[in-house]
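Each chain, letter by letter, is given below.
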Amino acid sequence: MTATTASPAGAAFDALADHSLGCPTCRPDPDRPGLAPPECPQALELYRAWRRAWRSERSAAA
Ligand SMILES: [Zn+2]
């Protein structure tokens, strides 16, 4: 799926979504449904990047 992302925040969000789908650390373990998935440093970093882009876009628009 190739979507043309109009904004840095959109691109950062896509990167985070792509990572979560492909990363075994981010996916919950079906054998242990009660446990939260372990924290993935890569996902945290992607999340921070997305939030940074999103906030700067919002403050630019306001
Ligand atoms: Zn991950």
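Scroll up to find the structure this text is about.
What you see is a predicted model, and the numbers here were worked out from it, not measured in a lab.

S.K.: I keep staring at the environment of Ala43 and nothing clicks. Help me out?
M.R.: Tracing the backbone shows Ala43 in helix 2 (residues 41–61). Separated by 26 residues in the primary sequence, Ala43 and Ala17 have C-alpha atoms spaced 9.2 Å apart.

S.K.: Please clarify how the pattern of salt bridges should be interpreted in this entry.
M.R.: Considering all chains together, one arrives at one salt bridge under this definition. Across the salt bridge formed by Arg48 and Glu45, the nearest N and O atoms sit 3.3 Å from each other. You can see Arg48 and its partner Glu45 sitting in helix 2, three residues apart, about one turn around the helix. Since its relative accessible area comes to 41%, Glu45 is described here as partly exposed.

S.K.: Quick question: what am I supposed to make of helix 1 (residues 8–22) here?
M.R.: The terminal C-alpha atoms of helix 1 lie 21 Å apart, and with 15 residues this matches the ideal 21 Å at 1.5 Å per residue to within 8%. If you check which residues of helix 1 are buried, you get Ala9, Ala12, Leu16 and His19. One side of helix 1 carries all its buried residues, which in axial view fall inside an arc of 90 degrees. When the buried face of helix 1 is taken as reference, the exposed residues oriented beyond 90 degrees from it are Asp18, Leu21 and Gly22. Residues of helix 1 that are buried sit in contact with helix 2.

Calculation notes
Residues numbered from 1 in each chain as written. Predicted model: local features only at pLDDT ≥ 70, side-chain atom pairs only at ≥ 80, totals over all residues. Heavy atoms only, no water. Helix = DSSP H or I, 4+ residues; strand = E, 2+ residues; numbered from the N terminus. Salt bridge = Lys/Arg side-chain N within 4 Å of Asp/Glu carboxyl O. Buried < 20%, exposed > 50% of the residue type's maximum accessible area, 1.4 Å probe, protein only. Expected span 1.5 Å × (residues − 1). Arc of directions from axis to C-beta. Contact = heavy atoms within 4.5 Å.

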